[in-house]
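What the coordinates show
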Amino acid sequence: MIYLDHAATTPVASKVREAMLPYLGAAYGNPSGLYALGASAQASVDVARKATAGALGARPSEILFTSGGTESINSAILGIAYAMRRAGAGDHVITTAIEHHAGLHAAQFLEELGFDVTYLGCDAQGRVSLAELAASLRPETVLVSMMLVNNEVGTVQPVAEATRIARDFRASRGHRVLFHTDAVQAPGWLPIDVEELGVDAVSLSSHKFGGPKGSGILYLRRATPFRALLHGGGQELQKRAGTENVAGIVGTGVAIEMAQVGRMERLRRVRALRDHLRDELLATVPDAIVNGCQEHCTPNNLNVAFRGIESEQLVAALDRHGIAASSGSACSNSLWEPSHVLMAMGVPIRTAVGSVRFSLGEGTTAAEIAAVASVVPGEVARLRSEATTPR
Ligand code: PLP
């Protein structure tokens, strides 16, 4: 199998799996237990928290472990906005139209709760405008939530510049505009330093960087106003109730450290493979177009539009060749729903529905890329010849 869907999930690294296994066996203690088995589980959670903090340039007391990216994002957006409104700071939130649904739907829920939400647009590359951000800030703005890397097209947002704008505005108005970033697609490709980014909250998901599914990280800067979403026990520094997923947390701690190791070399190697695949497809498939991501992008993502086909059909055809890729559109109630990201980028709907994402990973080889490049043109031609709708 040729796996080119690393933006969806990554294989668990063997070092991560090995580190986790004891906690699925003899080391099964509850970290709250007041005996040796519990204490050793707590010690392992503490080690993972320290490693995670170190990888992000944060303090251990600023790291919460969660059930994944979706929980981290919902907790950050809802928990901060709620706490800020309760403190009388305001009820306006700014986010972008190209967030992952975890962020977008959390923002829509805020609207149900009476918040006013501004959705920033983007250009054809998928980049958000800093001028639009600056113009959208208001005295009652309490939170900006902007993703660091888009999961569909790989575009990197100017988060460090955006936090400076939010901070300056805060200074001029005398109240804080907090900043959250969904950095789920960044580890392994970009450095994530919370001081350099200037963020108050960061969401991460372990299974996107060689860790286990159902485990995530929420960085919350010290003294950030925050109301927990999950109520119950006092775990995770009183901010996230529920018995800890010790195996997942241990795996997360190992995976986040591994994501930093050899990053530049990985970046160079994967970018060369991605660029080769892009050049081959553009040369061999008539009318193929690369969506977004030319300049400011992660090196592992290639989103290509093949006009005249529906992306699900190509994904299914590639699967028959043992190739895993992803389609950005979703079929619901027999209606094709194009990707909200491509729509925001101004991609025409006919182009958007034929868009396929190839996302490479650490283990991707040149032979795999060559095989994919040789299969795609024939399958696109076949699907186009069978298509009933005109191109
Ligand atoms: N944010 C982005 C950018 C993602 O790509 C994903 C997963 O696809 C998520 C959030 C959700 O993460 P999780 O699967 O851990 O809930």
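My aim in this report is to walk through the structure given alongside it, one point at a time. None of these values were measured; they are calculated from a predicted model. (Residues numbered from 1 in each chain as written. Predicted model: local features only at pLDDT ≥ 70, side-chain atom pairs only at ≥ 80, totals over all residues. Heavy atoms only, no water.)

1. Re the site of the ligand
Put simply, the rule is: Nearness is defined per residue: one heavy atom within 4 Å of the molecule or strand is enough. Contacts described as polar in this section are N or O atom pairs within 3.5 Å, which, within protein, must combine one atom able to donate a hydrogen with one able to accept it, while residues neighboring in sequence count only if both atoms come from side chains. For accessible areas, the Shrake-Rupley method is used with a probe of radius 1.4 Å. Any residue's cover is judged against the shown protein chains and nothing else.
Taken together, 13 residues lie near the ligand, and Thr70, Asp182, Gln185, Ser205 and Lys208 sit nearest. One of the side-chain N or O atoms of glutamine 185 is found 2.7 Å from an oxygen atom in the ligand. Between an oxygen atom of the ligand and a side-chain N or O atom of histidine 207, the distance comes to 3.1 Å. Contact with the protein chains removes 85% of the 400 Å² of surface that the ligand exposes when unbound.

2. Regarding the nonpolar core
We count it as follows: Only buried residues count toward a nonpolar core, which is a set of Ala, Val, Leu, Ile, Met, Phe, Trp, Tyr and Cys residues joined through side-chain atoms within 4.5 Å. Summary of the burial criterion: residues with accessible area below 20% of their type's maximum are buried, those above 50% are exposed, and those between are partly exposed, where the area comes from a 1.4 Å probe applied to protein chains only. In this text, helices come from DSSP runs of H or I with a minimum length of four residues, and strands from runs of E with a minimum of two, each type numbered from the N-terminal end. A domain assignment, automatic or from a database, supplies the domain bounds used here. Contacts between residues were defined by any pair of non-hydrogen atoms, one from each residue, lying within 4.5 Å.
Ranked by internal contacts, the top residues of the largest apolar core, which has 55 residues, are Leu56 and Leu204. In terms of residue count, helix H9 (residues 246-260) provides more of this core than any other element does, 8 residues in total. Structurally, this core is a two-domain feature, drawing no fewer than three residues from each of domain 1 (14-258) and domain 2 (263-386). Residue contacts for leucine 56: discarding those within four places in its chain leaves Ile63, Ile192, Asp193, Val194, Leu204, Ile217, Tyr219 and Ile256. Listed in part, the 29 residues of the second largest apolar core include Ile309, Val315, Ala325 and Val356.

3. With respect to the pattern of salt bridges
It is possible for side chains bearing opposite charge to pair when their charged atoms get close. Rules: Salt bridges are defined by distance alone: a side-chain nitrogen of Lys or Arg within 4 Å of a carboxyl oxygen of Asp or Glu.
Taken as a whole and judged by the stated rule, the model has 16 salt bridges. When the shortest N-O distance is used, the salt bridge between glutamate 236 and arginine 49 registers 2.8 Å. Taken together, the residues span a long stretch of sequence, with glutamate 236 in helix H8 (residues 235-238) and arginine 49 in helix H2 (residues 36-56) at a distance of 187 residues. Glutamate 265 is paired through a salt bridge with arginine 268; the nearest N and O atoms lie 3.7 Å apart. Taken as a pair, glutamate 265 and arginine 268 lie in helix H10 (residues 263-284) at a separation of 3 residues, close to a single helical turn. The exposure class of arginine 268 is exposed, given its relative accessible area of 52%.

4. Side note on the sheet that holds strand S7 (residues 201-205)
What counts, and what does not: We treat two strands as partners when DSSP finds at least two bridges between them. Every angle, taken between N-to-C directions, lies between 0 and 180 degrees, and every axis is a line fitted to C-alpha atoms, over only the stretch in contact when it is a helix.
One open sheet accounts for 7 strands, arranged S2-S8-S7-S6-S5-S3-S4; its pairing is mixed. Edge strands, defined here as strands with exactly one partner in the open sheet, are strand S2 (63-66) and strand S4 (116-120). When strand polarity is set aside, the average angle formed by the axes of neighbouring strands in this sheet is 20 degrees. Examined bridge by bridge, S2 and strand S8 (residues 216-220) share 4 bridges and lie antiparallel to one another. Bridge assignment links phenylalanine 65 to a residue of S8, and that residue is isoleucine 217.

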